[in-house]
Amino acid sequence: SLDGRTVDVAENVKRLAAAAASDVRSVQLVVATTRPAVQVDQAAAMGIKEPVGQGVTTFAGSSESRAHNIRLAASKIDNAIIPPGATFSLLTALGPITADAGYQEGFAIVGESTVQDVGGGVCQVATTVFRAAFFAGLPIVERNPHRYLIPRYFIKGGPHGLDAAIYDPGRDLRFKNSTEYFLIVKTDASDAANFTVTLYGTKPGWTVTMDEPVIKPGATPGPRLPDIEDPNKPVGYRVLAQAAVAGESVSITRVVKQGNTVISRDVFNTTYYPASEQWIVGTKK
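Residues numbered from 1 in each chain as written. Predicted model: local features only at pLDDT ≥ 70, side-chain atom pairs only at ≥ 80, totals over all residues. Heavy atoms only, no water.

Considerations on the overall build of the protein
Within the protein, the regular secondary structure consists of five helices and 18 strands. Taking all 285 residues of the protein together, the buried fraction comes to 40%. Summarising the internal contacts of the protein: among those between residues at least 6 apart in sequence, 76% fall at separations of at least 24. (Helix = DSSP H or I, 4+ residues; strand = E, 2+ residues; numbered from the N terminus. Buried < 20%, exposed > 50% of the residue type's maximum accessible area, 1.4 Å probe, protein only. Contact = heavy atoms within 4.5 Å.)

Written out as structure tokens, the structure reads:
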């Protein structure tokens, strides 16, 4: 973009190529003016002036398709506006999670298995948004944890028990803007090592604390599952679809206080089932 303007790159390449093949020494480029989601004067009137909550995770080491899905989903919710008193639905903000919408296949937990599915990786966006709302002290209306403990979600930004899964349709992440001002969602997926979701608005003046998680061990993983054969991948191709992870139960208590007054005390209970190791292998000769 140039000073808030969007350049039609494909059309301009054609025009430059045509000019290079002629005696023309000036070219009229195609530039479309776009307005930001919220103007500066509007932001002030809406109370959008400072961070009120932030979530951070990492998707470093993800496959190209998974990283693509995360960046695409992040771009779709960037600049989403949440009025005071409104409930934000991540699925609604994202729109359809389909191939037609630009998503690629990646690993996702569907039912009781980790499989290749369109949109695999979008749950990382849900997890990061959930943490932003959690640390902002906002009421969580709907949150669905993953069936299995996913270690990558806990490298940064929180302990076990602070993940969120979504699936279109049926499993959403929703939270309420209980502040008196508008909120805007800002995402930054430019650095895979530090994927960030920040909620901007006006700090409501309350404090948010989280008790030490109470973790109880669960069942151990079962034997390794049979390999999943992929006829589209060559013989010798071998990718870990699901690592062996033990089950556990986690309880996290969040306390939101206005001065010495407790506004809310929320308990987030999560039960993770054990996951058995499974690989995807290529069979194409």
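Looking at the sheet that holds strand β9 (residues 174-176)
Taking strand neighbours across the sheet as the criterion, the three strands line up as β5-β9-β8 in an open arrangement whose pairing is antiparallel. In this open sheet, the two strands that pair with only one neighbour each are β5 (87-89) and β8 (140-142). Ignoring which end each strand starts from, the neighbouring axes of this sheet average 25 degrees apart. Relative to β9, β8 runs antiparallel, the two being bridged by two bridges. Bridging across to β9, Ile-140 finds its partner in Phe-175. Its contacts with the sheet place helix α5 (residues 122-136) against β5, β8 and β9, and it is angled at close to 145 degrees to β8. (Pairing = 2+ DSSP bridges. Axes fitted to C-alpha atoms, helices over the stretch in contact; angles between N-to-C directions.)

Some details on the nonpolar core
Ranked by internal contacts, the top residues of the largest apolar core, which has 52 residues, are Leu-94, Ile-166 and Leu-199. Of all the elements in the fold, those that place two or more residues in this core are α3 (64-77), α4 (90-94), α5, β10 (183-188), β11 (195-201), β16 (248-258) and β17 (261-272). Looking at this core, the element that brings in the most residues is α5, giving ten residues. (Core = buried A, V, L, I, M, F, W, Y, C linked by side-chain atoms within 4.5 Å.)

Side note on unusual backbone geometry
For Asn-79, which is not glycine, the phi torsion reads 75 degrees and is therefore positive. Considering the arrangement of structural elements, one finds Asn-79 in the loop between α3 and β4 (81-82). Given the relative accessible area of 28%, Asn-79 is considered partly exposed.

Section: the packing of α3 against α5
What describes two packed helices is the angle between their axes and the distance between those same axes. In contact at an axis separation of 7 Å, α3 and α5 are set at 45 degrees when each is read in the N-to-C sense. Our classification of the angle between α3 and α5 gives oblique. For the element pair α3 and α5, the recorded crossing hand is right-handed. Across the interface between the two elements, Arg-66, Asn-69, Ile-70, Ala-73, Ala-74 and Ile-77 from α3 touch Val-122, Gln-124, Val-125 and Val-129 from α5. Residue composition of the contact of α3 with α5, by class: seven nonpolar, two polar and one charged. (Parallel < 35°, antiparallel > 145°, perpendicular 65-115°, else oblique. Left-handed = near helix turned anticlockwise from the far one by under 90°. Nonpolar A, V, L, I, M, F, W, Y, C, P; charged D, E, K, R; others polar.)

Quick word on the environment of Tyr-272
Turning to its location among the elements, Tyr-272 is positioned in strand β17. In this structure, the C-alpha to C-alpha distance between Tyr-272 and Ala-219, residues 53 residues apart in sequence, is 9.3 Å. From its side chain, Tyr-272 meets the backbone nitrogen of Gly-161 in a polar contact 3.1 Å long. In terms of polar contacts, Tyr-272 uses its side chain to reach the side chain of Asp-163, at 2.5 Å. (Polar contact = N/O pair within 3.5 Å; in protein donor to acceptor, adjacent residues only side chain to side chain.)

A few points about α3
Structural remark: α-helix, 3.6 residues per turn; residues separated by three or four positions point the same way. Compared with an ideal rise of 1.5 Å per residue, which puts 14 residues at 20 Å, α3 spans 20 Å between its outermost C-alpha atoms and is within 8% of the ideal. Residues Ser-65, Arg-66, Ala-67, Asn-69, Ile-70, Leu-72, Ala-73, Ala-74 and Ile-77 constitute the buried set of α3. Asn-79 sits one or two positions beyond α3 and adopts a positive phi of about 75 degrees. (Expected span 1.5 Å × (residues − 1).)

Some points on the sheet that holds strand β15 (residues 238-242)
If you trace the three strands from one edge of the open sheet to the other, you get β14-β18-β15, paired in mixed fashion. With partners counted over all chains shown, the strands left at the sheet margins are β14 (228-234) and β15, one partner each. Between one strand axis and the next, the sheet turns through 40 degrees on average, direction left out of account.

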